[in-house]
Amino acid sequence: MEGCVDRLSANEVTCVASTPAWGPNTAFTGAVTAALPPPRRLTTLSSLSLLPRKEYNNRGSHEAPPPHKSIPHPPESNHRSREGERIGAERPSSVDAMQYHAYNRLGGGGGGGTPSPPASPRRSPRIHRRAGKGGGGGRTAQGPPRTIAQRMAWMLLSFLLRRQAIFLFAPLLYVAAMLFYMGTVPIDSVPRIISRSAPGSVYRSPKLYERLRPAMDADNSSDGLATVWKHSFKGGGWRPCIHTSNDVLPDSNGYIYVEANGGLNQQRTSICNAVAVAGYLNATLVIPYFHYHSIWRDPSKFNDIYDEDHFINTLKSEVQVVHQVPEYIMERFGHNLTNVFNFKIKAWSSIQYYKDAVLPKLVEEKLIRISPFANRLSFDAPSTVQRLRCLANFEALRFSNPIATLAEKLVSRMKEHSKDNDGKYIAVHLRFEEDMVAFSCCVFDGGEEEKQEMNAARERGWRGKFTKRGRVIRPGTIRINGKCPLTPLEVGLMLRGMGFGNNTAIYLASGKIYKAEKTMVPLLEMFPLLQTKETLASTEELAPFKNYSSRMAAIDYSVCLHSEVFVTTQGGNFPHFLIGHRRYLYGGHSKTIKPDKRKLALLFDNPNIGWKSLKRQLLNMRAHSDAKGMEMKRPSDSLYTYPCPDCMCRLNKTEVSKSSSAR
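The present account deals with the structure reproduced in this document.

Thresholds applied
- Residues numbered from 1 in each chain as written.
- Predicted model: local features only at pLDDT ≥ 70, side-chain atom pairs only at ≥ 80, totals over all residues.
- Heavy atoms only, no water.
- Helix = DSSP H or I, 4+ residues; strand = E, 2+ residues; numbered from the N terminus.
- Buried < 20%, exposed > 50% of the residue type's maximum accessible area, 1.4 Å probe, protein only.
- Lys, Arg positive; Asp, Glu negative; His and termini not counted.
- Salt bridge = Lys/Arg side-chain N within 4 Å of Asp/Glu carboxyl O.
- Contact = heavy atoms within 4.5 Å.
- Disulfide = S-S within 2.5 Å.
- Core = buried A, V, L, I, M, F, W, Y, C linked by side-chain atoms within 4.5 Å.
- Phe/Tyr/Trp six-rings, centres within 6.5 Å; stacked < 30°, edge-to-face > 60°.
- Lys NZ or Arg CZ within 6 Å of the ring centre and 35° of its normal.
- Pairing = 2+ DSSP bridges.
- Patch = residues over 30% accessible without salt bridge, like charges linked within 9 Å, V, L, I, M, F, W, Y side chains within 5 Å.
- Areas by Shrake-Rupley, 256 points an atom, 1.4 Å probe, with all protein chains shown as cover.
- Axes fitted to C-alpha atoms, helices over the stretch in contact; angles between N-to-C directions.
- Left-handed = near helix turned anticlockwise from the far one by under 90°.
- Nonpolar A, V, L, I, M, F, W, Y, C, P; charged D, E, K, R; others polar.
- Expected span 1.5 Å × (residues − 1).
- Arc of directions from axis to C-beta.

1. Comments concerning the environment of M630
And then number 1: Position of M630 relative to the elements: it lies in the loop between α26 (611-627) and β17 (648-650).
And then number 2: Along the sequence, M630 and Y642 sit twelve residues apart, while their C-alpha atoms lie 8.8 Å from each other.

See below:
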């Protein structure tokens, strides 16, 4: 349809036409709305020239008038003056208007034309046009033309109103704009952010020692050994209490051969668990075989470390123990133990599993092998099993005569060095060997040289374990969590802060200290009476044990066992067994200082702490260790660390008073 513009929707079309000329003989100008068949309606909002009635009759009642060529509108000043004349002179009759279904929409100046129909509903602000005021004229009133910026803004607003989901991308647009802005800012103009390490994540103990040393040396209080234990018998003391049977052992169901793996105390766990399993299954235990380990590199046998005869005699009323498998049984397996059926038992298996799975095979084969055997029995077990564990660990296992003899000499010499403290000394288990420092992944003050040495040590001992893809090592986090081994300097600071003076004798149980010529200097400055097995014993005395790590560890174990105070600085089987053994000997109290290493990391990294404040914090830590000295075993705890109440009985008041007076 020529001259028509879609203004409202698909149902309404606006057509514009103009008169050919201005004057009294021309048709009047008006606004006519032509109604078309639904759903489409034609609305004419322009000046139309009415044709003669005859011509319209020929066209039909629903046919639109022919289009006329449009002429330019006259100036605005002449438009209003001539509008009345045109309307009055050439207005068609109402009958004609109704005949052609046209409506007169002129306002104000005309007579009684037919009223206009209501306007169509507005569909969009973008296509709305306001009519001119006063109703005059057939032309829609137009405002000033819009600029390109206004049109673009109007189109954008309409788009956003129709597509409101676009607002979900507003945060992304904001971030993109900020990134774009930051990319245009020079780096020099951006303020530098100084990153600060978390408290306790950096090794700053040397600086703290240098700053606090004058105040430490001026502190003359040194009564630590005299006042260290105040809660030894609070709530009642304990005494060793392991009941043994005098009954004759029944016939054995077979022989059990175990291979004990690991270091000294891991092997100790295997031995005690093997005794418990053999007794529960009514089996004969063959003296355990010590598996050679690539880390400890100790080929020692059972009788090189423990008194084999004492072990057999102590257990004879509970478990039958033999040196080796009888010949007639070995013949069945070609005198080769590798041909014997080997049980692969999961760690921490219950004793019921041994009864259900191991015992039938034992009765059938008469000889079974369990390898490896460390940690293959659950901590939680019936009282009969726990009693056998107690008997094996605290009574049957006694070090061999060469080890026990040298250990007694070293204990006697330590007491001589501590005459000023009534023969009392402190034993410190220091784990600052190269392998421990490397395994911890902690960073100390050695710089790049230390980093390269530790990387090499980790690769030698644990090939590929610390270099796996995706493994992230955070030394600062490890230190904050208290997983780093204490250095000799930190041990000295801790003990001096706990009230032990520089006249305190200290026995240092340790392997080869990492960079001892540097790291041991501050500890020796704080405690000049510090001793090790190498300084207490002569070269000839140590010669039989020098190249055997388990035998050397047994010597340290014995000297630490008889000290007044035992200090553990790192976890492991050595302190766990030693704490339990000390409880067994000292009325249920471990007499052990177990420092809070998380708190120590914060204290040693505090640049503003003074000596008095540090000492107050460390004395509280010592008191906490005293209060935790006597603890009962829980179901998930190890009996070798917590012997009460399975291996010990409470003392009555008379026994407590006698024990206290004896001490």
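2. What about the side chain of E308?
And then number 1: Among the secondary structure elements, E308 is positioned in helix α10 (residues 308-315).
And then number 2: One buried charged residue, E308, remains without a salt bridge, the closest side chain of opposite sign being K301 at 10 Å.
And then number 3: Filtering out sequence-adjacent residues up to four positions away, E308 remains in contact with I287, F302, N303 and H323.

3. Considering the state of the cysteines
And then number 1: Throughout the structure, instances matching the rule amount to three disulfides.
And then number 2: Between the sulfur atoms of C241 and its disulfide partner C649 the distance amounts to 2.0 Å. Disulfide C241-C649: torsion about the S-S bond near -60°, hence left-handed. Residue C241 is found in the loop between β5 (238-240) and β6 (255-260), and its partner C649 is found in strand β17; the two are separated by 408 residues along the sequence.
And then number 3: The exposure class of C241 is buried, given its relative accessible area of 11%.
And then number 4: Each sulfur of the disulfide joining C390 and C647 lies 1.7 Å from the other.

4. Looking at the nonpolar core
And then number 1: Residues I256, Y306, F311, Y354 and Y507 are the most contacted members of the largest nonpolar core, which totals 78 residues.
And then number 2: Contact partners of Y306, with chain neighbours within four places excluded, come to L264, R268, I271, F290, L397, R398, F399 and S400.
And then number 3: In this structure, I478, F500, L523 and M621 belong to the second largest nonpolar core, which totals 51 residues.

5. With respect to the packing of aromatic side chains
And then number 1: One pass over the structure, following the stated rule, counts 17 aromatic pairs.
And then number 2: When the centroid spacing of 5.4 Å and the interplanar angle of 75° are considered together, the rings of Y203 and F444 count as edge-to-face. Of the two residues, Y203 is situated in the loop between α5 (170-184) and α6 (205-218) and F444 in the loop between α15 (434-440) and α16 (447-461); the sequence distance between them amounts to 241 residues.
And then number 3: Ring centres of F341 and F343 lie 4.9 Å apart, and the angle between their planes is 85°; this geometry places the pair in the edge-to-face category.
And then number 4: You can call F343 buried: its relative accessible area is 9%.
And then number 5: Each member of the aromatic cluster is reached from another via a ring pair, and the members are F290, F302, Y306, F311, F399, Y557 and F574.
And then number 6: Just above the ring of W154 sits the side chain of R146; from NZ or CZ to the centre is 5.4 Å.
And then number 7: A cation sits over an aromatic face here: R458 above F466, 5.9 Å from the ring centre.

6. Quick word on the pairing of strand β13 (residues 506-509)
For a regular strand, the rule is simple: side chains alternate between the two faces of the sheet.
And then number 1: Side-chain alternation along β13 places I506 and L508 on one buried face and Y507 and A509 on a second face that is also buried.
And then number 2: The pairing of strand β12 (residues 426-429) with β13 spans four bridges and is parallel. The partner of A427 across the bridge, within β13, is Y507.
And then number 3: Across two bridges, the pairing between β13 and strand β14 (residues 530-531) is parallel. Bridge pairing in β14 places Y507 opposite Q531.

7. Concerning unusual backbone geometry
And then number 1: Look at the link from S371 to P372: it is a cis peptide, with omega at -5°.
And then number 2: Relative to the elements of secondary structure, P372 occurs in the loop between β11 (367-370) and α13 (383-396).
And then number 3: Omega for the bond connecting C644 with P645 falls within 30 degrees of zero, at 5°, which places this linkage in the cis form.
And then number 4: For P645, the location among the structural elements is in the loop between α26 and β17.
And then number 5: For K515, which is not glycine, the phi dihedral falls at a positive 50°.
And then number 6: Turning to its location among the elements, K515 is positioned in the loop between β13 and α19 (516-519).

8. Considering a nonpolar patch on the surface
And then number 1: A contiguous nonpolar surface patch, about 640 Å² in accessible area, is contributed by Y174, V175, M178, L179, Y181 and M182.
And then number 2: Tracing the backbone shows M178 in helix α5.
And then number 3: Judged by relative accessible area, which is 35%, M178 ranks as partly exposed.

9. Digging into the packing of α6 against helix α18 (residues 488-497)
And then number 1: Across the interface, α6 lies against α18 with an axial gap of 11 Å and an inter-helix angle of 35°. Classified by chirality, the crossing of α18 by α6 is left-handed. Contacts between α6 and α18 involve S205, P206, L208, Y209, M216 and D217 on the former and, on the latter, L489, E490, L493 and R496.
And then number 2: Tallied by class, the residues present in the contact of α6 with α18 amount to six nonpolar, one polar and three charged.

10. Remarks on the pattern of salt bridges
And then number 1: One pass over the full model with this rule turns up 20 salt bridges.
And then number 2: In this structure, the salt-bridge partner of E433 is R431, at a minimum N-O distance of 3.0 Å. Of the two residues examined, E433 and R431, each falls in the buried class.
And then number 3: A salt bridge links R460 to E434; the shortest N-O distance between them is 3.3 Å. Pair noted here: R460 is in helix α16 and E434 is in helix α15, with a separation of 26 residues, a long-range link.
And then number 4: For R460, a relative accessible area of 57% translates into the label exposed.
And then number 5: Look at E434 and you get partly exposed, because its relative accessible area is 33%.

11. Section: helix α14 (residues 401-417)
And then number 1: With 17 residues, α14 should cover 24 Å at 1.5 Å per step; its first-to-last C-alpha distance of 25 Å lies within 8% of that length.
And then number 2: Along α14, the residues that are buried comprise I403, L406, A407, L410, V411 and M414. Angularly, the buried residues of α14 cover 145° about the axis, an arc narrow enough to put them on a single face. When the buried face of α14 is taken as reference, the exposed residues oriented beyond 90 degrees from it are N401, E408 and E416.
And then number 3: Contact partners of the buried residues in α14: α9 (302-305), β13, β14, α21 (533-536), α22 (539-542) and α23 (549-561).

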